[in-house]
Amino acid sequence: MITPEILAKYKVTIGIECHVQLNTKTKLFSGADNDARNKEPNAVISPIDFGLPGMLPVLNKEAVILAVRAGKALESDIASVSRFDRKHYFYPDLPKGYQISQLYEPIIIGGVVRVPQEDGSVLDVRIHHAHMEEDAGKLTHYSDYSLVDLNRAGTPLIEIVSEPDMHSAVEAKAYATELYRLMTYAGVTNGDLYQGNMRFDVNISIAPLDAMELGTRAEIKNLNSFRSVERAAEYEYRRQADLLEKGERVIQETRGWDDAAQKTVSQRSKEDAQDYRYMPDPDIPPLRLTEDEIALYQSVVPRLPQYYRDAWRDLQLDRSVADSLLARRAIAELIEAVRVQAGSAATKHVAHWFASSLSDETSEITVGQDDAPRFIELSNMVTANELSSTAAKDIFNELLLGHDSPRIIAERKNILQVSDTGAIAAIVDEVLSDPASAQSVADIKEGKDKAIGFLVGQVMKRSAGTANPGLASQLIREKIKDL
Amino acid sequence: MISRDDVAYLATLSNLQLGEQEAADLQQDLEHIIEYIHQLDELDTSGVEPTYQVSGLENVSRDDLIDTYGLAPEALLALAPLAQDNQVKVPKVL
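1. Section: the interface of chain A and chain B
With 37 residues of chain A in contact, the opposing surface of chain B contributes 33 residues. Mapped onto the side of chain A that touches chain B, the elements with two or more residues apiece are strand S2 (59-60), helix H2 (61-73), strand S11 (145-149) and strand S18 (287-288) of chain A. With five residues, S11 of chain A is the single largest residue contributor to the side of chain A that touches chain B. Of the residues that constitute the side of chain A that touches chain B, the class distribution is 19 nonpolar, eight polar and 10 charged. In this structure, S2 of chain A lies alongside strand S1 (residues 61-62) of chain B, joined through two bridges in parallel fashion. Pairing of asparagine 60 of chain A across the sheet is with arginine 62 of chain B, part of S1 of chain B.

What follows is the structure, given as structure tokens:
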């Protein structure tokens, strides 16, 4: 049994490699369509992806530009010269017999991801490097044969390699989450985790607290959600601690994450370690980038998450609220537009509406910063008592779906709060003259103030919920005094 | 020197199954090739940059535009020895 006391005897060390799929129109070295979603197998393939003899792969310029942008988000240096190498292995998911990658001189060097922690502190995770490479195809295994779909073969990726700077499963998850935000904000990937647009390999080892050296590590491959990164790291921490406690040793190996069983399983041992026989790829000439080019490509990188955290500090939003707003760049931009145009109070209104409606991470969001005026108007209507909070929530949901102004929606739904004294006074008179109200009126006169609730309820009912309840209760008091 | 184990290792990396005679022949061939290449050891290469490329080209790239190369996927699939359900059919590998 692994107890917290046992775990506390060991220090865990985690480094993460992340494959990020670049959102180009075509593949890294061929003009085949890079969008394989909802397509038949082998619908987006070219002679180059098929590895036909004599084909010449040619580098996609846009993939280079996106990698340079990613480098800005990672605070990295961009290599003035980078090169491509062949990584050899024989497996049907890459018909060429090698993957074109960058081993010796990658495009992105160094860098840091500043990871916000639960307690408000920041963990700096250093980036060793990031390189460009092509993705492999997909194999489906049957009893005595396999089928090969090369739609994804040649899709451009950058692989971001962190230093082993994380020391808990929570930190690993926080890093993965912030890396996701950085890459989606920088606009280099669509960030569709379900489609495998970002895949994490977690390297993890443990060692006694006083050990000078790191323990033997295991690598858990192909995690495609933040939660699986956290759970796999936590499971692996316990598994390795258990082995060491029993006097056994951790073997260096690749493991997979079984999401159904919530555990890692051995896939292959590094004892028969892969020998990829890397060599410079003679097909792809070196890539030279000038300072001016790098500056130009990076000039279009939009504001990154930390900008918004700093800008919103004075709003004192709950961390969970801020996190849900930051999950998508379009929402962060919209909230910031509201803040700049209308100030703190309106921003808090809008921020909380969004935070409570964004629980479903997969829901499609079509609004952006250009919609800020509509959300500001909604906030103003609430402040002016024209809408109840329930009605405001209702209209907010409609603002997400269409282009109508909140006032038009409120009028159409007939939920504008009536704050017209005359109109409410007429309803109050009706209610007070109703024999059913006599008991409550008598109670109030005797000082049982709570009885006013019933009367206000009657006013709301007769006004079909549109009366301003504060105003109704004030009028009721005045009228009863005069009775 | 190329040992029989080296040949077996290379065969494994290349997914090749070699017969006894093939392995013996390859061992000899490889040894001759390595011997030939070793002539380079006679040269003093200190101060010579490694040769990554011989073309002298730099920055060869293309715009991000879809190109079908005038070929339908069916034409490519037809080149495979075996195909099934729009996929290339291969012997079970793992």
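Still to come is the rest of the account.
2. Some thoughts on the pairing of strand S12 (residues 156-162) of chain A
Residue and element names in this part refer to chain A. Counting buried positions over the seven residues of S12 gives five, a clear majority of the element. Pairing analysis gives five bridges linking strand S1 (residues 10-21) to S12, with the strands arranged antiparallel. Bridge assignment links glutamine 21 to a residue of S12, and that residue is leucine 157. As judged from the seven bridges shared by strand S9 (residues 122-134) and S12, these two strands associate in the antiparallel manner. By the bridge assignment for S12, methionine 132 is matched with isoleucine 158.

3. Quick notes on the sheet that holds strand S5 (residues 85-88) of chain A
All names here are of chain A. Read across the open sheet, the three strands follow the order S6-S5-S17; overall the sheet is antiparallel. Edge strands, defined here as strands with exactly one partner in the open sheet, are strand S6 (98-101) and strand S17 (279-280). Pairing between S5 and S6: four bridges, direction antiparallel. Along S6, the bridge assignment pairs arginine 86 with isoleucine 100.

4. What about the nonpolar core?
Residues and elements named next belong to chain A. Ala67, Ala70, Ala172, Tyr175, Met183 and Val202 are the most contacted members of the largest nonpolar core, which totals 65 residues. Ranked by the residues each element gives to this core, the list is headed by helix H3 (residues 169-185), at 10 residues. Leaving out residues up to four positions away in the same chain, methionine 183 has contacts with Val20, Ala70, Ala73, Val188, Thr189, Gly191 and Met198. Formed by 31 residues, the second largest nonpolar core is a distinct cluster that contains Trp312, Ile331, Ala391 and Ala392.

5. With respect to the pairing of strand S10 (residues 138-141) of chain A
All names here are of chain A. Pairing geometry for S10 and S11, over four bridges, is antiparallel. When the bridges of S11 are listed, leucine 139 appears paired with valine 148. Hairpin connection between S10 and S11: a loop of three residues separates the two successive antiparallel strands.

6. Some details on the domain arrangement of chain A
Domain boundaries in chain A define domain 1 (4-293), domain 2 (305-413) and domain 3 (421-482). Spacing between the C-alpha centres of domain 2 of chain A and domain 3 of chain A amounts to 34 Å.

7. Side note on the environment of proline 116 of chain A
Along the chain, the position of proline 116 of chain A falls in strand S8 (residues 112-116). When residues no more than four places from it in sequence are discounted, the contact partners of proline 116 of chain A are Val122 and Glu178 of chain A.

8. Overview of unusual backbone geometry
Residues and elements named next belong to chain B. Residue aspartate 85 is not a glycine yet carries a positive backbone phi of 50 degrees. Considering the arrangement of structural elements, one finds aspartate 85 in the loop between strand S2 (83-84) and strand S3 (87-91). Of note, the phi angle at asparagine 86 is positive, near 65 degrees, even though the residue is not glycine. Inspection of the secondary structure puts asparagine 86 in the loop between S2 and S3. You can call asparagine 86 partly exposed: it has 15 C-beta atoms within 10 Å.

9. As for the packing of helix H8 (residues 329-342) of chain A against helix H9 (residues 344-357) of chain A
Residue and element names in this part refer to chain A. Across the interface, H8 lies against H9 with an axial gap of 8 Å and an inter-helix angle of 160 degrees. On the basis of the axis angle, H8 is roughly antiparallel to H9. The two elements H8 and H9 meet at a crossing, and its hand is right-handed. When H8 is examined against H9, the residues Ile331, Ile335, Val338, Arg339 and Ala342 are found in contact with a partner set consisting of Ala346, Thr347, Val350, Ala351 and Phe354. Of the residues that constitute the contact of H8 with H9, the class distribution is eight nonpolar, one polar and one charged.

10. Brief notes about the sheet that holds S11 of chain A
Strand order across the open sheet formed by four strands is S10(A)-S11(A)-S3(B)-S2(B), with antiparallel pairing between neighbours. Whereas interior strands pair on both sides, the edge strands pair on one side only; in this sheet they are S10 of chain A together with S2 of chain B.

11. Describing helix H11 (residues 389-401) of chain A
All names here are of chain A. A rise of 1.5 Å per residue sets the reference length of H11, with its 13 residues, at 18 Å; its end C-alpha atoms lie 19 Å apart and thus fit the reference within 8%. Among all positions in H11, only Ala391, Ala392, Ile395, Phe396 and Leu399 are buried. One face of H11 carries all of its buried residues, which in axial projection span an arc of 140 degrees. What points out from H11, more than 90 degrees from its buried face, is the exposed set Thr390, Asn397 and Leu401. The elements touched by buried residues of H11 are H9, helix H10 (372-383) and helix H12 (406-413).

12. With respect to helix H14 (residues 438-445) of chain A
Residues and elements named next belong to chain A. Within H14 the residues assigned to the buried category are Ser440, Val441 and Ile444. Taken end-on, H14 shows its buried residues confined to a sector of 100 degrees, consistent with a single buried face. Away from its buried face by more than 90 degrees, H14 exposes Ala438, Gln439, Ala442 and Lys445. Residues of H14 that are buried in the fold lie against helix H13 (421-433), helix H15 (452-462) and helix H16 (469-482). Glycine 447 sits one or two residues past H14 and shows a positive phi near 95 degrees.

13. What about the packing of H3 of chain A against helix H4 (residues 226-245) of chain A?
All names here are of chain A. One can describe the packing of H3 onto H4 by two numbers: an axis separation of 8 Å at closest approach and a directional angle of 155 degrees. With respect to each other, H3 and H4 are oriented roughly antiparallel. Here H3 runs over H4; the crossing is right-handed. Contacts from Ala169, Val170, Ala172, Lys173, Ala176 and Thr177 in H3 reach Phe226, Val229, Glu230, Ala233, Glu234 and Tyr237 in H4. Across the contact of H3 with H4, the residue classes tally to eight nonpolar, one polar and three charged.

Criteria and thresholds
- Residues numbered from 1 in each chain as written.
- Chains lettered and ligands numbered in written order.
- Predicted model: local features only at pLDDT ≥ 70, side-chain atom pairs only at ≥ 80, totals over all residues.
- Contact = placed C-beta atoms within 7 Å.
- Helix = DSSP H or I, 4+ residues; strand = E, 2+ residues; numbered from the N terminus.
- Nonpolar A, V, L, I, M, F, W, Y, C, P; charged D, E, K, R; others polar.
- Pairing = 2+ DSSP bridges.
- Buried ≥ 20, exposed ≤ 12 C-beta atoms within 10 Å, placed from the backbone.
- Core = buried A, V, L, I, M, F, W, Y, C linked by C-beta atoms within 7 Å.
- Domains from an automatic or database assignment.
- Axes fitted to C-alpha atoms, helices over the stretch in contact; angles between N-to-C directions.
- Parallel < 35°, antiparallel > 145°, perpendicular 65-115°, else oblique.
- Left-handed = near helix turned anticlockwise from the far one by under 90°.
- Expected span 1.5 Å × (residues − 1).
- Arc of directions from axis to C-beta.

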